[in-house]
Amino acid sequence: MRKAAILCAGCLLLLAGCGSAAASSEPASEAAPVVAASPAPTVAPAETPEPTSAPEPVPTETPGRSDNLLMNASISTAPVMNGAGTAKIGERATAWFDAAGLANISEAQFSEFVAARVEGQSYSWFTLDLNDGTGIVFNGCGTIVADYGYLDDVGRVEESLGTVTLEESGYTYTAN
C-alpha cells in the first residue's frame, strides 16, 4: 500500500512539473492552481450512436484518355458502413457516365469497361452512375448479372428497372 502511495505521489510531481515554468524556456508567470480531477463514473450511461449519413465518395482514379468513352469515366471509392454507421465493413466504387452517352457505347466497349474496372475488384458493389438518378450496379463486383434502376444515396439500386446479363454473345439488357 505504501509503495502505491509513493508511486502516485511521484506521478503527481512529474505531472505538475511538466507544465511548470522551470521546464519551459518561457519566462515565469503566475503559476496556475493545481486542480484535482473528479473521479470518473464507474458506469457510463449507454449511448446509442447516431447513424451517420453516407460518406462522400473519394476520387481514386482518373484514367487516361481512350476511344472508349466509358473507360474515361472517373472512379471514386467510399466506405461501406454498418447499419449503425459506426464501423467500416467494406468499400464501394462509383463511376459516373451520362445516360445519353451510354446509347453510343457498343457492347464491346461496355465489356471492356466491365473487364478492366469491375471484374476482380473487392468492392461490396460497383455502381455505374448515369447522372440521371439511375445506374447499373454490379453487386460484389460480380460481372455475370447487374441490376439497372433508380439509385439510393449510396449507389445501390433502390427500384429495379431491369437486368444486364452476360450472355455468350455479350451483355444484354432485359427490362422488368
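Here, the structure is the one placed above.
On a predicted model such as this, the values are computed, not experimentally measured, just so you know.

Caption draft 1: Representation of the overall build of the protein within the structure. Within the protein one finds three helices and eight strands. Mapped from its N terminus to its C terminus, the protein presents α and β elements in the order α-β-β-β-α-α-β-β-β-β-β. When each of the 176 residues of the protein is scored for burial, the buried share is 28%. A sequence separation of at least 24 residues applies to 36% of the contacts in the protein between residues at least 6 apart. Accessible area for the protein stands at about 11,700 Å²; split by element, carbon and sulfur atoms hold 57% of it.

Caption draft 2: Here's a closer look at the nonpolar core. Counting 23 residues, the largest nonpolar core has Phe-110, Phe-113, Phe-126, Leu-128, Ile-136 and Phe-138 as the members making the most contacts within it. For this core, the element with the most residues is helix H3 (residues 107–118), which contributes four residues. Core analysis: the second largest hydrophobic core is formed by five residues, Val-80, Val-137, Leu-151 and Val-154 among them.

Caption draft 3: Quick look at the pattern of salt bridges. Enumeration over the complete set of coordinates arrives at one salt bridge. Among the ionic pairs, Asp-152 bridges to Arg-156, the shortest N-O distance being 3.1 Å. Given the relative accessible area of 18%, Asp-152 is considered buried. Given a relative accessible area of 38%, Arg-156 falls into the partly exposed group.

Caption draft 4: Focus on the side chain of Thr-143. For Thr-143, the location among the structural elements is in the loop between strand E5 (134–139) and strand E6 (145–151). With a relative accessible area of 13%, Thr-143 lands in the buried category. Setting aside anything within four residues of it in sequence, one finds Thr-143 in contact with Val-114, Val-118, Glu-119, Phe-138, Leu-166 and Tyr-171.

Caption draft 5: Representation of H3. Its twelve residues give H3 an end-to-end C-alpha distance of 15 Å, which sits within 8% of 16 Å, the value for a rise of 1.5 Å per residue. Considered for burial, the residues of H3 that qualify are Phe-110, Phe-113, Val-114, Arg-117 and Val-118. Down the axis of H3, the buried set is contained in an arc of 100°. They therefore lie on one face. Looking one or two residues beyond H3, the residue adopting positive phi is Gly-120, at roughly 80°.

The rules we used
Within every chain, residues take consecutive numbers counted from 1 along the sequence as written. A pLDDT threshold of at least 70 governs which residues receive local features in this predicted model, and a stricter bar of 80 or more applies before side-chain atom pairs are shown or counted, although totals over entire chains, interfaces and linings include all residues. Computation of side-chain values covers all heavy atoms of the structure but excludes hydrogens and water. Each helix is a run of DSSP H or I of at least 4 residues and each strand a run of E of at least 2, with the numbering of both proceeding from the N terminus. Summary of the burial criterion: residues with accessible area below 20% of their type's maximum are buried, those above 50% are exposed, and those between are partly exposed, where the area comes from a 1.4 Å probe applied to protein chains only. Here, two residues are considered to be in contact whenever any of their heavy atoms come within 4.5 Å of each other. Reported accessibility uses the Shrake-Rupley method at a 1.4 Å probe radius. Residues are deemed covered only where the shown protein chains occlude them. What we call a nonpolar core is a set of buried Ala, Val, Leu, Ile, Met, Phe, Trp, Tyr and Cys residues that are connected through their side-chain atoms within 4.5 Å. Salt bridge, as used here, is a side-chain nitrogen of Lys or Arg placed within 4 Å of a carboxyl oxygen of Asp or Glu. What a helix is expected to span follows from its residue count: subtract one and scale by 1.5 Å. The directions from the helix axis to the C-beta atoms form the arc being described.

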